[in-house]
Amino acid sequence: MKGKLLAYGLLVLPPLFWAGNFVTGRYISDQVPAMSLSYWRWTLAMLIAMPLLYSSMWRQRAVIKANWLRISTLACLGVAGFNSCVYIGLQSTTATNALIINSMIPIFILLVSWLALKQKISARQLLGIGLSFVGVLALLVKGQWQQLASLSINQGDAWIVLSSLVWALYSIGLRFKPADLGGAAFLGCTLVVGSLVLSPFYWLNLPQAAFNLSYDAMGALAYVAIFPSLLAYLAWNYGVKIVGANLAGQYIHLMPLFGAVLSVSFLGEQLAAYHALGAMFIAAGLLVALLPFAILRARLARFKAH
C-alpha cells in the first residue's frame, strides 16, 4: 500500500516537470535560441546521467549494435525532433497555447496509426478527432474564425502542432523498440544520439546559437536538463511499474492545468475565452475517441442521474 501511495504521489511530478519545461522554454525564449536550449538540455542531461547508465549500455552493447538504426530513429524523434519543435514554437506562441495543443497528442496517435499502420478508426473515434480538431483550430485562430479564410495562423502554434505529430510518431515507434533492450540502456542511447544529432545545429551556427550565460539562462538550462529530462523519467517509470500504464497515462491530462497555473504565475500570461473553448473541445474529443463506449455511456447516464 505504501508503494502504491508513493507511486500515486510521484506520478504527479512528470506532468508538473513537463509543463514546467514549456513554461521555461517560453520564459527564456528571448535569451536562449531554441536549438541552443535543445542541444544543451540533452547534452547536460547526458553528462549527468552517463555515469549511471554507462554500465547498462556496455552490458547490452550487442543489442544496441544490432538495433542501432531503430534506436537512433527513436532518439531523433523523441529527443531531438519533438523538443526542438517545441522550443522553436515557444519563440512566438504562449506556453498556455502550446500545452493545450500538446494535449491533443493521443488524437494524433490515432491518426498516425491509421495512416501508417492501417489500423481501423471507428465512427466514434472520427467524431472525437473532429471535436479535438475544432479545439485546436480555436486556439490557432484565437477564437477569431474569420482568420481561417486568410489562413492567418501564428507560426509558433504551427510548430507546436508539428511537435505533437512528431511525438505521436515516436510513441508509435516505441512498439518497434528492441524488447530485450533495458530501460536504462535505451535512455542512455537516446541521450547520446540526441546530443550528437543536435550538435551540428549548435556548433555550425555558433554566431547565431551563442547566448549570454546569465543567471536566468543557467537556471533554465539546469531545470530542463534535470527535472523534465531525468527526474520526470525516473518518477514516471516507477509509477508505471507500480500502478500500470493505463492509470499512469491519466496523469498526463494534468499538464495543461499545471501549465496554465505556471504560465499565469511566472509569465503573466492571461487566460482567454478561446483557451477554455479549445481545451473543452480537445477534452471532449479525447473522451469520445479514447474511452470505451460502455464506460462513456455509463458516465453519461450517471451525469444525467444527477
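Parameters at a glance
- Residues numbered from 1 in each chain as written.
- Predicted model: local features only at pLDDT ≥ 70, side-chain atom pairs only at ≥ 80, totals over all residues.
- Heavy atoms only, no water.
- Phe/Tyr/Trp six-rings, centres within 6.5 Å; stacked < 30°, edge-to-face > 60°.
- Helix = DSSP H or I, 4+ residues; strand = E, 2+ residues; numbered from the N terminus.
- Buried < 20%, exposed > 50% of the residue type's maximum accessible area, 1.4 Å probe, protein only.
- pLDDT = per-residue confidence, 0-100.
- Core = buried A, V, L, I, M, F, W, Y, C linked by side-chain atoms within 4.5 Å.
- Axes fitted to C-alpha atoms, helices over the stretch in contact; angles between N-to-C directions.
- Parallel < 35°, antiparallel > 145°, perpendicular 65-115°, else oblique.
- Left-handed = near helix turned anticlockwise from the far one by under 90°.
- Contact = heavy atoms within 4.5 Å.
- Nonpolar A, V, L, I, M, F, W, Y, C, P; charged D, E, K, R; others polar.
- Patch = residues over 30% accessible without salt bridge, like charges linked within 9 Å, V, L, I, M, F, W, Y side chains within 5 Å.
- Areas by Shrake-Rupley, 256 points an atom, 1.4 Å probe, with all protein chains shown as cover.
- Salt bridge = Lys/Arg side-chain N within 4 Å of Asp/Glu carboxyl O.
- Expected span 1.5 Å × (residues − 1).
- Bend = angle between axes of the 7 residues up to and from the residue.

## Some details on the packing of aromatic side chains
Point 1. Inspection of the entire model under this criterion finds 12 aromatic pairs.
Point 2. Ring centres 5.2 Å apart and planes at 15° place the aromatic pair Tyr-223 and Phe-227 in the stacked group. Placement of both Tyr-223 and Phe-227 in helix α13 (residues 215–243) is noted, with a separation of 4 residues, approximately one turn of the helix.
Point 3. The exposure class of Phe-227 is partly exposed, given its relative accessible area of 31%.
Point 4. The structure contains a cluster of three or more aromatic residues connected by ring pairs, namely Tyr-39, Trp-40, Tyr-202 and Trp-203.

## Re the confidence of the model for the chain
Point 1. The share of residues in the chain with pLDDT of 70 or more is 89%, and the mean pLDDT across the chain is 85.
Point 2. Across the chain, helix α4 (residues 61–66) holds the top mean pLDDT of 96, while helix α17 (residues 293–305) sits lowest at 50.

## Considering the nonpolar core
Point 1. Of all hydrophobic cores here, the largest spans 71 residues; its most connected members are Phe-22, Leu-37, Tyr-87, Leu-181, Leu-191 and Ile-282.
Point 2. In terms of residue count, helix α3 (residues 34–59) provides more of this core than any other element does, 10 residues in total.
Point 3. Ala-7, Leu-11, Trp-236 and Ala-248 belong to the second-largest nonpolar core, a separate cluster that totals 6 residues.

## Quick notes on the packing of helix α6 (residues 95–102) against helix α10 (residues 155–173)
Point 1. The interhelical angle for the contact between α6 and α10, taken along N-to-C directions, is 30°, at an axis separation of 9 Å. Considering the angle they form, α6 stands roughly parallel to α10. Of the two possible hands of crossing, α6 and α10 adopt the one that is right-handed. The residues of α10 that touch α6, namely those facing Asn-97, Ala-98, Ile-101 and Asn-102, are Asp-157, Ile-160, Val-161, Ser-163 and Ser-164.
Point 2. For the contact of α6 with α10, the residue count by class is 4 nonpolar, 4 polar and 1 charged.

## Some remarks on the packing of α3 against helix α11 (residues 183–203)
Point 1. In contact at an axis separation of 8 Å, α3 and α11 are set at 150° when each is read in the N-to-C sense. Put simply, α3 runs roughly antiparallel to α11. Here the hand of the crossing between α3 and α11 comes out left-handed.
Point 2. Partitioning the contact of α3 with α11 into residue classes produces 20 nonpolar, 7 polar and no charged.

## As for the side chain of Thr-96
Point 1. Note on placement: Thr-96 falls in helix α6.
Point 2. Once residues lying within four places of it in the same chain are set aside, the contact partners of Thr-96 are Ser-263, Glu-269, Leu-271 and His-275.

## Digging into a nonpolar patch on the surface
Point 1. A cluster of nonpolar side chains, contributed by Ile-48, Ile-226, Phe-227, Leu-231 and Leu-234, occupies part of the molecular surface with about 400 Å² of accessible area.
Point 2. Looking at the nonpolar patch, the element that brings in the most residues is α13, giving 4 residues.
Point 3. Assignment of secondary structure puts Ile-48 in helix α3.

## Notes on α11
Point 1. With 21 residues, α11 ought to run about 30 Å at 1.5 Å a step, and its terminal C-alpha atoms sit 30 Å apart, in line with that.
Point 2. By the largest-angle criterion, Val-197 marks the main kink of α11, which is about 25°, and a proline, Pro-200, follows within four residues.

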